[in-house]
Each structure stands twice: as C-alpha cells, then as structure tokens.
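# Reading the structure
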Amino acid sequence: MKQQTRPVGNDIPKISAPAQRALTTAGVRQLKDLTKFSEAEVKNWHGIGPNALDQLRHAMNEKGLTFK
C-alpha cells in the first residue's frame, strides 16, 4: 500500500504521493490555490485520480472554496 503524504503547514488533505507531486508542480500549496483552476484542469493533471479529486473537492467544500 502506498504511503500518503501531507506537507507540513498546509490545509491540503492527505493524498497519494503522485497527486501531491502534481499539486506541487502546479504551484498549489494550499486549498485556496486550487480556486485558480477548474475541476476539469485539475482532473487532467498527471497523478490526480478520482480519489484525490474527491478528497480535494471535499476539503475545499468544508472551507467554502470551489474550483474556478
């Protein structure tokens, strides 16, 4: 089973390492950074699968945030 990672100091939920790398590559450090992107854009990033997208969407909803 793959270890899930979560960088210290941000509000991004624990997601798979490939998904975390995809966010880092896109410059996403906090959930609010995701508001600059549409859900379709994020879904197409290499490393972002359905589970990671669901986790991100849920975490954003809890903070009142939405994709572009």
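Here the structure is shown first, and the text comes after it.
Description of the structure in this document.

Cut-off values and rules
- Residues numbered from 1 in each chain as written.
- Predicted model: local features only at pLDDT ≥ 70, side-chain atom pairs only at ≥ 80, totals over all residues.
- Heavy atoms only, no water.
- Helix = DSSP H or I, 4+ residues; strand = E, 2+ residues; numbered from the N terminus.
- Expected span 1.5 Å × (residues − 1).
- Contact = heavy atoms within 4.5 Å.

Turning our eyes to something else, we now look at helix 3 (residues 50–62). Given a rise of 1.5 Å per residue, 13 residues ought to cover 18 Å, and the 18 Å separating the end C-alpha atoms of helix 3 matches this to within 8%. Tucked inside the fold, the buried residues of helix 3 contact strand 2 (15–16), helix 1 (17–25) and helix 2 (39–43). Of the residues trailing helix 3, Gly-64 is marked for its positive phi of about 75°.

Turning our eyes to something else, we now look at the environment of Gly-47. Of note, Gly-47 is situated in the loop between helix 2 and helix 3. As a C-alpha pair, Gly-47 and Ala-19 span 28 residues in sequence and 4.5 Å in three-dimensional space. If we skip the residues at most four places from it in the chain, Gly-47 touches Ser-16, Pro-18 and Ala-19.

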